[in-house]
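# Architecture and fold: a report
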Amino acid sequence: MTQRTRGLTAGARPARHTCGVVAPPSTSPVPRSPWTQTADLRAELRDTWVWLRRPESPRRLLPAIRGHLGAAPASTAYAFTLFVTWWTLRGVGDSVERRLIFSASTNLYNMRHNPVQVLVASAFWTEGGFPWATIAGFLVVMAYAERWLGTGRWILLFATGHIGATLLTVTGIAHAIDRGVIPLRVAVAADVGTSYGFSAVLAALAFRFRGRVRAVWAGTILVALGAALWVEPTFTDYGHLCAAVIGLAVGATASLFWHRLERTAARKAR
């Protein structure tokens, strides 16, 4: 119940009428942002465990999965698209597969000639065998993030991580080639996948939780990606770390902005 409704219930006078029109309130409430709607991870895990232990859980499992995926249409569609592109590669020869992967790669050569095309296309292709882990990650982790942020914000965050980390990685490759640190063939190496956008969203998920869990979540991701870069440094590992930093920066900025906006609105309402 809003403050205005409580005042009327308590017997306060209604707003004055001028020429039959109700005078508008002096301030308008600021809508709640998902960046300020944090959760207790332990409470969520406990509730999930209690739900799974109910006798009727097996019967309610399929509707629950359908509701989970239905509330995350972008993540579900993304997982299906990855399956389609993988199936497409299975139906063509090795030479055609290499050409398709190369045409969608965000390597230095393609980024200089078709940057927009490869930035979009590279996020929908995977190399190797069936991408079980990637598809499962989208249906579980990314779907959870989309349900929290909303489809529009999730797409924007994923695209920001994918594009930002790609641009930073390509810049690093160009600088290394110009200085002779790495061979020129790296400029035409295959580079496709969803991992940059995934890393950004995964890092930003730290702001879904409150307290110590947030710090542990963010710290674990940075330490894991930093260790991978230190043990066997590749430009892909560099891109993963850049994407995680982008996700944390977006989450921190959005969280700080909306918390201040809501506090300012609350002070004006008082």
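No experiment lies behind these values; they were computed from the predicted model shown.

Rules behind the numbers
Residues numbered from 1 in each chain as written. Predicted model: local features only at pLDDT ≥ 70, side-chain atom pairs only at ≥ 80, totals over all residues. Heavy atoms only, no water. Salt bridge = Lys/Arg side-chain N within 4 Å of Asp/Glu carboxyl O. Helix = DSSP H or I, 4+ residues; strand = E, 2+ residues; numbered from the N terminus. Buried < 20%, exposed > 50% of the residue type's maximum accessible area, 1.4 Å probe, protein only. Phe/Tyr/Trp six-rings, centres within 6.5 Å; stacked < 30°, edge-to-face > 60°. pLDDT = per-residue confidence, 0-100. Contact = heavy atoms within 4.5 Å. Axes fitted to C-alpha atoms, helices over the stretch in contact; angles between N-to-C directions. Left-handed = near helix turned anticlockwise from the far one by under 90°. Nonpolar A, V, L, I, M, F, W, Y, C, P; charged D, E, K, R; others polar. UniProt positions renumbered as here; feature names shortened; annotations may be inferred. Expected span 1.5 Å × (residues − 1). Bend = angle between axes of the 7 residues up to and from the residue.

## Considering the pattern of salt bridges
Inspection of the entire model under this criterion finds one salt bridge. Linking E44 and R208 is a salt bridge whose minimum nitrogen-to-oxygen distance equals 3.3 Å. Here R208 lies in the loop between α10 (195-204) and α11 (212-231) and E44 lies in helix α2 (residues 41-52), a separation of 164 residues in the sequence. Given a relative accessible area of 15%, R208 falls into the buried group.

## Remarks on the packing of aromatic side chains
If you walk through the whole model with that rule in mind, you get 17 aromatic pairs. Aromatic pair F83 and F130: ring centres 6.0 Å apart, planes at 75°, arrangement edge-to-face. Of the two residues, F83 sits in helix α4 (residues 73-90) while F130 sits in the loop between α7 (115-121) and α8 (132-149), which places them 47 residues apart along the sequence. What makes F130 partly exposed here is its relative accessible area of 23%. Centroid distance F138 to F198: 5.7 Å. Interplanar angle 70°. Geometry classified as edge-to-face. Of this pair, F138 sits in helix α8 while F198 sits in helix α10, and the two are 60 residues apart along the sequence. Like F198, F138 is buried. Each member of the aromatic cluster is reached from another via a ring pair, and the members are Y78, F124, F138, W154, F158 and F198.

## With respect to the confidence of the model for the chain
As a general rule, the predicted coordinates of low-pLDDT regions are not to be interpreted in detail. Summing up the model confidence of the chain, the mean pLDDT is 87 and the portion of residues at 70 or higher is 89%. Of all helices and strands in the chain, the one with the weakest mean pLDDT is helix α1 (residues 3-9) (38), whereas α10 scores best (97). Per-residue pLDDT stays below 50 along residues 1-28; that stretch engages in 17 contacts with residues further than four places along the chain or on separate chains.

## Description of the packing of α10 against helix α12 (residues 235-269)
Between α10 and α12, the least distance of the axes is 7 Å, while the angle of their chain directions is 35°. As for how α10 packs across α12, the hand of that crossing is right-handed. Taking contact as the criterion, the partners of S195, Y196, S199, A200, A203 and A204 in α10 are, on α12, F235, T236, G239, H240, A243, A244, G247 and L248. Its residues assigned to classes, the contact of α10 with α12 shows eight nonpolar, six polar and no charged.

## Some remarks on the UniProt feature "transmembrane region" (unreviewed entry) in the chain
Feature annotation in UniProt places "transmembrane region" (unreviewed entry) on residues 69-89, 118-142, 154-174, 186-207, 214-232 and 238-258, given in this structure's numbering. Across residues 186-207, the secondary structure splits into 45% helix and 0% strand, with the terminal C-alpha atoms separated by 36 Å. Note that residues 238-258 is 100% helix and 0% strand, and that its end C-alpha atoms are spaced 30 Å apart.

## Some words on α8
Compared with an ideal rise of 1.5 Å per residue, which puts 18 residues at 26 Å, α8 spans 25 Å between its outermost C-alpha atoms and is within 8% of the ideal. Most pronounced at F138, the bend in α8 amounts to some 35°. Considered for burial, the residues of α8 that qualify are I135, G137, F138, M142, A143, A145, E146, W148 and L149. Buried-residue contacts for α8 involve α3 (57-70), α4, α9 (151-178) and α10. With its phi angle positive at about 95°, G150 sits one or two positions after the end of α8.

## Points about the environment of F80
Inspection of the secondary structure puts F80 in helix α4. Through-space distance from the C-alpha of F80 to that of F138 is 9.7 Å; in sequence the pair is 58 residues apart.

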